[in-house]
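# Structural description and commentary
Listed below, chain by chain, are the residues.
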Protein chains: 2
Amino acid sequence: MESTDMNQQIAFIGLGVMGGPMAANLAREGYAVKAWNRTPNRPGVEVAAEAGVTVVSSIREAVASADVIFSCVSDVPDVKEVLLGTGGVAESARPGTLVIDTSTIGPEAAREIGTQLQQHNLRFLDAPISGGDIGAKNGTLTIMVGGEAKDFEESKPLLEVLGKTIRLCGPMGSGQAVKLCNQVLGAVHAVALCEAMQLAQQQDIDPNLIVEVCSTGAAGSWALSNLGPKIAASDFQPGFMIKHILKDLRLVQETLNSSPQELPGVELADRLFKMVQEFDSGKGGEQGTQAMIRAYRKS
Amino acid sequence: MESTDMNQQIAFIGLGVMGGPMAANLAREGYAVKAWNRTPNRPGVEVAAEAGVTVVSSIREAVASADVIFSCVSDVPDVKEVLLGTGGVAESARPGTLVIDTSTIGPEAAREIGTQLQQHNLRFLDAPISGGDIGAKNGTLTIMVGGEAKDFEESKPLLEVLGKTIRLCGPMGSGQAVKLCNQVLGAVHAVALCEAMQLAQQQDIDPNLIVEVCSTGAAGSWALSNLGPKIAASDFQPGFMIKHILKDLRLVQETLNSSPQELPGVELADRLFKMVQEFDSGKGGEQGTQAMIRAYRKS
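These lines cover the structure that appears in this document, whether it is placed above or below. (Residues numbered from 1 in each chain as written. Chains lettered and ligands numbered in written order. Predicted model: local features only at pLDDT ≥ 70, side-chain atom pairs only at ≥ 80, totals over all residues. Heavy atoms only, no water.)

## Some remarks on the overall build of chain A
Definition in use: Helix numbering and strand numbering both begin at the N terminus, where a helix is a DSSP run of H or I of at least 4 residues and a strand a DSSP run of E of at least 2. All radius of gyration figures rest on C-alpha atoms, and the globule criterion is 2.2 Å times the number of residues raised to 0.38. Contact between two residues is taken to exist if any of their heavy atoms lie within 4.5 Å; hydrogens are not considered. Residue burial considers only the protein chains on display, and all accessible areas are found by Shrake-Rupley using a 1.4 Å probe. His residues and chain termini do not enter the charge count, which takes Lys and Arg as positive and Asp and Glu as negative. For charged residues, the charge sits on one atom: NZ in Lys, CZ in Arg, CG in Asp, CD in Glu.
On a plain count of helices and strands, chain A comes out with 14 helices and 9 strands. Scaling as 2.2 N^0.38, a compact globule of 299 residues should have a C-alpha radius of gyration of about 19 Å, and chain A matches this with 20 Å. Nonlocal contacts in chain A, meaning residues at least 24 apart in sequence, comprise 67% of its contacts between residues at least 6 apart. Accessible surface, chain A: about 11,700 Å² in total, of which carbon and sulfur atoms supply 48%. Charge centroids of chain A, computed over 25 positive and 34 negative side chains, lie 2 Å from each other.

Put into structure tokens, the structure is as follows:
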């Protein structure tokens, strides 16, 4: 099952910042990709079209002859709409088709959606991704997969076009579970970074010196090496937007709702990100996660 | 000034877990090292003696003919005692001798002690270290130096025996300032790691899978890669003890005392480490920082 079948017909639903370059990579690899995006005139749609993706105007058109269907949209309601809604995947896909959702929606929603797709005789993998727009463009994403082993094996040649670290994490929902842990690390690492940077400033130490000296040892992190220089330069352009990490932290909270476990570091990160979201007349959430430093600077 | 002078006489005050192997490395490099430790029968003393360090029974004896004096002890009162106290370095060292303190004591104490040593016609560098007992043994420490550029250049051949990343961070106290930022990162990374591990457990995900999948991407950190597997194995042996990070976080708080800046992530880490310190009839602080997970597990 693991051999590459270049005759596979691929559908790709959602050509955003991530989905656009992912669909493009599949087309460049030689796959026939039909794709749909809710809003036609977007940079991700152009990126995909230029790489040879056929952009169509309905989900039905994209998925009708597909063997594998990818979806890459924003939040739980969007995934439900494109997969289960009127005119969506469940209505139009052929029985037995493999649906791979790469959106981050939490394990509970993934299980619910996957179960409903199975009732339509479709197969489902949750396969949330990490690595940002650069990882999507370069095909170096980390892909965390939940579902049946045989579906995972079938999907592997395709996932290997999109990512570098690809793991089956367990049954349906497990990819989402690992992704939420990943986001917890990222969110609290931002707190660590911002507090070290503020302490440096307080002591008249060049923040770039902290990046240089501390990143080689036991205090090192991706966040320090990659977001530290951006904070030093007050460059708040996204990478990964605050509004998106806030969505993911909401999914973490929802996952914990039924348990007594408290994660005070996550709560702190959530509070700080929300403070920044309020800045710029409510547009602060469009900045990158490194803009958490603005909560400390109170501006 | 940067050429190696193998005729330099070295004194080393404090042969603990860090100081012992550091003094040993200087002796192995060919330097004449006289060393003193408050308690004679300790593993670090043996390590140094076996490498050719001459262990003497008073600070006076160790420093009387020294060109460069290292100190590596625990906390502010210890440094004050060995450098400025009765029978200490300031009483016995020759005028012009370079004193290099590698203890972590915070910028304010470093400046105070350095200024007093200058009044005794001694030169001073604060040079706190990071990298643990393994870094001390292998000569791969990170050394963060504060003081005069010419003293730093003079010390460099010696520091290069002890460490790999060696930086002059600024005037007296700056090495300490950078070290505190380093400790802030380490402490809050522990929070991130523990919360990701707890969320994994909550969702029936193997914690080692989190280490494997998340360490390659934007959620990666030294803590995840190195302390994550220890948490997964409930191995709480130190590396770096909780009681030592608590001392360092106290120094952070003291440094901020005069400012309105709040570091809630540091406060959270401090609270969690203190909870674990209370465990095991008050002996919990002897465990490694990864034992913070016990605060989440409440046992």
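The structure having been displayed, the exposition proceeds.
## Some details on the relation of the copies chain A and chain B
What counts here: A residue counts toward the fit only if its pLDDT is at least 70 in both copies, and the copies are then superposed by least squares on the C-alpha atoms of those residues.
Structural alignment of chain A on chain B gives an RMSD of 0.1 Å, achieved by rotating through 180° and translating 0.0 Å along the axis. The transformation just described matches what one would write down for a two-fold rotation axis. For chain A, the smallest separation between a C-alpha atom and the rotation axis is recorded for serine 221 of chain A, amounting to 1.9 Å. Counting the interface residues of chain A, we find that 100% of their copies in chain B are interface residues as well, pointing to one common contact surface.

## Points about the nonpolar core
Formally: As used in this record, nonpolar core signifies buried Ala, Val, Leu, Ile, Met, Phe, Trp, Tyr and Cys residues forming a set joined through side-chain atoms within 4.5 Å. Here the term buried applies to any residue with accessible area under 20% of the maximum for its type, exposed to any over 50%, and partly exposed to those in between, with areas from a 1.4 Å probe on protein chains only.
In this structure, Val89 and Phe273 of chain A together with Val89 and Phe273 of chain B are the most contacted members of the largest nonpolar core, which totals 152 residues. Each residue touching valine 89 of chain A, except ones within four places of it in the same chain, is listed here: Ile13, Ile59, Val63, Ile69, Val82, Leu83, Val99 and Leu122 of chain A.

## Quick word on the interface of chain A and chain B
The cut-off we apply is this: Here the buried area means the combined drop in accessible surface, using a 1.4 Å probe, for two parts upon being joined, counting both sides. Salt bridge, as used here, is a side-chain nitrogen of Lys or Arg placed within 4 Å of a carboxyl oxygen of Asp or Glu. Contacts described as polar in this section are N or O atom pairs within 3.5 Å, which, within protein, must combine one atom able to donate a hydrogen with one able to accept it, while residues neighboring in sequence count only if both atoms come from side chains. Polarity classes work like this: nonpolar for Ala, Val, Leu, Ile, Met, Phe, Trp, Tyr, Cys and Pro, charged for Asp, Glu, Lys and Arg, and polar for all others, with Gly in that last group.
Chain A puts 54 residues into the contact, and the matching count from chain B is 54 residues. Taking both partners together, chain A and chain B bury about 4,600 Å²; carbon and sulfur atoms supply 70% of that area. In this assembly, chain A and chain B are joined by 2 salt bridges. Across the pair glutamate 212 of chain A and arginine 167 of chain B runs a salt bridge, and its minimum N-O distance is 2.3 Å. Our count for the chain A to chain B interface comes out at 14 residue pairs in polar contact (both at pLDDT 80 or more). Those elements that provide at least two residues to the side of chain A that touches chain B are β8 (141-146), β9 (163-170), α9 (174-202), α10 (207-214), α11 (222-232), α12 (242-256) and α13 (264-282) of chain A. For the side of chain A that touches chain B, the element with the most residues is α9 of chain A, which contributes 20 residues. Of the residues belonging to the side of chain A that touches chain B, the class tally is 32 nonpolar, 17 polar and 5 charged.

## Comments concerning helix α10 (residues 207-214) of chain B
If you check which residues of α10 of chain B are buried, you get Leu209, Ile210, Val211, Val213 and Cys214 of chain B. Those residues of α10 of chain B that are buried lie in contact with β8, β9 and α9 of chain A together with α9 (174-202) and α11 (222-232) of chain B. Put simply, aspartate 206 of chain B is the residue that caps the front of α10 of chain B, since its side-chain oxygen is 2.9 Å from the backbone nitrogen of asparagine 208 of chain B.

## A look at the packing of helix α1 (residues 19-28) of chain A against helix α2 (residues 43-50) of chain A
All names here are of chain A. Put simply, the test is: To get an axis, fit a line to the C-alpha atoms, keeping to the stretch in contact for a helix; angles then go from 0 to 180 degrees between the N-to-C directions. Note on terminology: angles under 35 degrees are roughly parallel, angles over 145 are roughly antiparallel, angles of 65 to 115 are roughly perpendicular, and the others are oblique.
With their axes 7 Å apart at the nearest point, α1 and α2 run at an angle of 5° to one another. With respect to α2, the element α1 is oriented roughly parallel. Where α1 approaches α2, its residues Gly20, Pro21, Ala23 and Ala24 are matched on the opposing element by Gly44, Val47 and Ala48. Here the contact of α1 with α2 is built from residues that sort into 5 nonpolar, 2 polar and no charged.

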